[in-house]
Amino acid sequence: MDINHNKIHGEIPSSLGNCKHITQLILSMNKLNRPIPSEIGNIVNLQTLDLAHNNLEGPLPSQLSKCTKMDRFDVGFNFLNGSLPSSLQNWTKLNTLILSENHFSGGLPTFLSEFKMLFELQLGGNMFGGRIPRSVGALQNLMYGMNLSSNDRWQTSP
């Protein structure tokens, strides 16, 4: 389902969680607001979730971890906050993770290194801080890059 760049406003309907057979949900470049509904986690065949360039707010729902086929997740340029739920480590097929320009905070989770197929990691423009885990160095397939710029404060590991 691709309805990007349509000036759609309002909240994402929780009833989309009933669309259990779709593999792509692309709602980017609209004027969607409010939190991401937890019911999106019911779309267990979801491979691509692109909600970038909206006005979404609140934390990422942990129910998204049920989407174990996720390979592309883009929520860049919103007002999302909180830390990354550890349950997202279930996304073992993930190749693109874009969280840029939000209000995410906390430290980078060590489970990022478990995303062996990850070739793009965009985390810039948030409020992440603390130590960058050494395990991030294990991400050897980053072809399109890794952006950790413009965050709170990074510390180097001893």
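Attention in this report is confined to the structure presented alongside it. Remember, predicted model here, so these are calculated numbers, not experimental data. (Residues numbered from 1 in each chain as written. Predicted model: local features only at pLDDT ≥ 70, side-chain atom pairs only at ≥ 80, totals over all residues. Heavy atoms only, no water.)

## Comments concerning the sheet that holds strand β6 (residues 72-74)
The strand order across the open sheet built from 6 strands is β2-β4-β6-β8-β10-β12, with neighbouring strands paired in parallel fashion. Two strands in the sheet have a free side with no partner beyond their single neighbour: β2 (24-26) and β12 (145-147). Pairwise comparison of adjacent strand axes, ignoring direction, gives a mean angle of 10° for this sheet. Sheet analysis places strand β8 (residues 96-98) next to strand β10 (residues 120-122), joined by 3 bridges and oriented parallel. The partner of I98 across the bridge, within β10, is Q122. (Pairing = 2+ DSSP bridges. Helix = DSSP H or I, 4+ residues; strand = E, 2+ residues; numbered from the N terminus. Axes fitted to C-alpha atoms, helices over the stretch in contact; angles between N-to-C directions.)

## Digging into the pattern of salt bridges
Scanning the entire structure with this criterion turns up 2 salt bridges. One salt bridge connects E11 with R34, and the closest N-O pair in it is separated by 3.6 Å. Of the two residues, E11 sits in strand β1 (residues 9-11) while R34 sits in strand β3 (residues 31-34), which places them 23 residues apart along the sequence. Take R34: its relative accessible area is 44%, and that puts it in the partly exposed class. (Salt bridge = Lys/Arg side-chain N within 4 Å of Asp/Glu carboxyl O. Buried < 20%, exposed > 50% of the residue type's maximum accessible area, 1.4 Å probe, protein only.)

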